[in-house]
Amino acid sequence: MCLLEFKHDDEFSLTNDLIDNIPPYAILSHTWGADIDEFSFRDLMNGIGKSKASYDKIRFCGEQARCDRIQYFWVDTYCIDKSNNTELSEAINSMFRWYCNAAKCYVYLSDVSTNNHD
């Protein structure tokens, strides 16, 4: 399991693959956009994609985790290398456990709006 860490300069970094001693982490449940719009593991590795619409939900998760005093967070589209079939299969089989073990679970539903009724 790789986690994201929100750095002091408002940037993210990916941890090494953690097997033991996994620190407390937050996890993001979200709706997926079109592949072209989703910020991905490859975007992170290549240092691109911050202009994609989905980057906002990654930032939301990191900022919310920081507010909750959680240093690490996990987002499927960002933490899983979908080009690696072994990693993808392991992630799919482990995802339920990862959600259960998260210190916090945040939800980002881009297709739901809120109305403030005063």
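Below you will find a few notes about this structure.

Rules behind the numbers
Residues numbered from 1 in each chain as written. Predicted model: local features only at pLDDT ≥ 70, side-chain atom pairs only at ≥ 80, totals over all residues. Heavy atoms only, no water. Helix = DSSP H or I, 4+ residues; strand = E, 2+ residues; numbered from the N terminus. Buried < 20%, exposed > 50% of the residue type's maximum accessible area, 1.4 Å probe, protein only. Contact = heavy atoms within 4.5 Å. Expected span 1.5 Å × (residues − 1). Patch = residues over 30% accessible without salt bridge, like charges linked within 9 Å, V, L, I, M, F, W, Y side chains within 5 Å. Areas by Shrake-Rupley, 256 points an atom, 1.4 Å probe, with all protein chains shown as cover. Salt bridge = Lys/Arg side-chain N within 4 Å of Asp/Glu carboxyl O. Phe/Tyr/Trp six-rings, centres within 6.5 Å; stacked < 30°, edge-to-face > 60°.

### Overview of the overall build of the chain
Tallying secondary structure elements over the chain gives 4 helices and 5 strands in all. Listed N to C, the secondary structure of the chain is β-β-β-α-α-β-α-α-β in terms of helices and strands. Classification of the 118 residues of the chain by burial places 36% in the buried group. Excluding contacts between residues fewer than 6 apart, the proportion of contacts in the chain whose partners are at least 24 apart in sequence is 65%.

### A closer look at helix α2 (residues 55-67)
With 13 residues, α2 extends 18 Å from end C-alpha to end C-alpha; this agrees with the ideal 18 Å at 1.5 Å per step. Buried within α2 are the following residues: Tyr55, Lys57, Ile58, Cys61, Gly62 and Ala65. With its phi angle positive at about 60°, Arg69 sits one or two positions after the end of α2.

### Comments concerning a nonpolar patch on the surface
On the surface, Val107, Leu109 and Val112 cluster together into a nonpolar patch covering about 260 Å² of accessible area. Within the secondary structure, Leu109 sits in the segment after β5 (104-108).

### Focus on unusual backbone geometry
In this structure, Arg69 is a non-glycine residue whose phi angle is positive, near 60°. Given a relative accessible area of 80%, Arg69 falls into the exposed group.

### Some points on the packing of aromatic side chains
For the structure on display, the rule yields 3 aromatic pairs. When the ring of Trp74 is compared with that of Trp98, the centres are 5.1 Å apart and the planes differ by 70°; the resulting orientation is edge-to-face. Of this pair, Trp74 sits in strand β4 (residues 72-74) while Trp98 sits in helix α4 (residues 85-101), placing them 24 residues apart in sequence. The buried category is assigned to Trp74, whose relative accessible area is 0%. Measuring from ring centre to ring centre gives 6.3 Å for Trp74 and Tyr99, while their planes differ by 85°; the resulting arrangement is edge-to-face. Of this pair, Trp74 sits in strand β4 while Tyr99 sits in helix α4; the two residues are 25 residues apart in sequence, bridging distant segments of the chain. Taking relative accessible area as the criterion, Tyr99 reaches 26% and is therefore assigned partly exposed. Three or more aromatic residues joined by ring pairs make a cluster, and in this case those are Trp74, Trp98 and Tyr99.

### Regarding the environment of Ala91
Along the chain, Ala91 turns up in helix α4. We classify Ala91 as buried; its relative accessible area is 3%. Separated by 15 residues in the primary sequence, Ala91 and Asp76 place their C-alpha atoms 8.6 Å from one another.

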